[in-house]
Amino acid sequence: MELSRLEYHIPCPYSECGAYIPLHETILEGIVQGLAKLTTDVGGITFQCPQCKGIFVFERDRLPDVLAVSAPAVVQTEPRLSFLAARFCKSNCGVRRIVVAVRPAGETEEQLDIESRTWETDHAWCPNYHQIVPPLSFV
Ligand SMILES: [Zn+2]
Ligand SMILES: [Zn+2]
């Protein structure tokens, strides 16, 4: 018998939004593995909220505090995971921030690329806490 897994509901911290990103355990593992290839900083995951387009950092050690519901062992609809790099910040320090966009399976890279130019980056920071500047590019 296959054990069931968990689906985490990662809350968007922006108070006017109220959305959450549903993340099956195996998808979360995929994100961490993807990030590990791109950066040494995998303690915090930088998500882009599909609803308000805000960018926020979720610290993985907060996982036990997040609402988790039981989910089938196998993911029903595997979302499209995209990793984008913010290469520029207001101080041009050159340290990039990797942003994870979790989107419906059918969404194309082109759609996300066009949309990413309009993302809200006012509250998104490079690893040295400078405000990041669009555009973001796929990595
Ligand atoms: Zn949001
Ligand atoms: Zn910077």
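Source: prediction; values computed, not measured.

Rules and cut-offs
Counting from 1, residues in each chain are numbered in the order their sequence is written. Key to labels: chains lettered from A, ligands numbered from 1, both in the order written. With the structure being a predicted model, the display of local features is reserved for residues of pLDDT at least 70 and the display and counting of side-chain atom pairs for 80 or more, all residues being used for whole-chain, interface and lining totals. Each helix is a run of H or I in the DSSP string that is no shorter than four residues. Each strand is a run of E no shorter than two, and both are numbered from the N terminus. Here the radius of gyration uses the C-alpha set of atoms, whereas the globule reference equals 2.2 Å times the residue count to the power 0.38. Whether two strands pair depends on DSSP finding at least two bridges between them. Geometry is summarised by axes, namely lines fitted to C-alpha atoms with helices restricted to the contacting stretch, and by angles between N-to-C directions that run from 0 to 180 degrees. We call two residues in contact when their backbone-placed C-beta atoms lie within 7 Å.

Q: Quick one: what's the story with the overall build of the protein, residue by residue and with numbers?
A: Check the secondary structure of the protein and you find two helices and eight strands. Overall, the protein shows an N-to-C arrangement of helices and strands of β-β-α-β-β-β-β-β-α-β. For the protein, the C-alpha radius of gyration of 15 Å lies close to 14 Å, the compact-globule estimate for 139 residues. Dimensions along the principal axes, computed over C-alpha positions, put the protein at roughly 55 × 35 × 30 Å.

Q: Could you give an account of the sheet that holds strand S8 (residues 132–138), with specific residues and numbers?
A: Adjacent strands of a sheet pair through backbone hydrogen bonds, lying either parallel or antiparallel. The mixed open sheet is built from five strands, whose spatial order is S4-S3-S7-S6-S8. Two strands in the sheet have a free side with no partner beyond their single neighbour: strand S4 (55–59) and S8. This sheet shows a mean twist of 40° between the axes of neighbouring strands, independent of strand direction. As defined by bridge partners, strand S3 (residues 44–48) adjoins strand S7 (residues 97–103) across three bridges and the pair is classed as parallel. For Thr46, the partnering residue across the bridge sits in S7 and is Val99.

Q: Break down the environment of Ser4 for me, with residues and values.
A: When you line up the elements, Ser4 lands in the segment before strand S1 (5–11). What Ser4 contacts, discounting residues up to four positions off in sequence, is Ser70, Ala71, Pro72 and Ala73.

Q: Quick rundown of the sheet that holds S1? Include the residues and the values.
A: Strands sit in the order S2-S1-S5 across an open sheet of three strands; the sheet is antiparallel. The open sheet has two free edges, formed respectively by strand S2 (20–24) and strand S5 (68–71), since each of these has just one partner strand. Taking the axes of each pair of neighbouring strands and ignoring which way they run, one obtains an average angle of 25° across the sheet. Bridge analysis of S1 against S5 gives four bridges, and the strand direction is antiparallel. Opposite Leu6, over in S5, you have Ser70 as the bridge partner.

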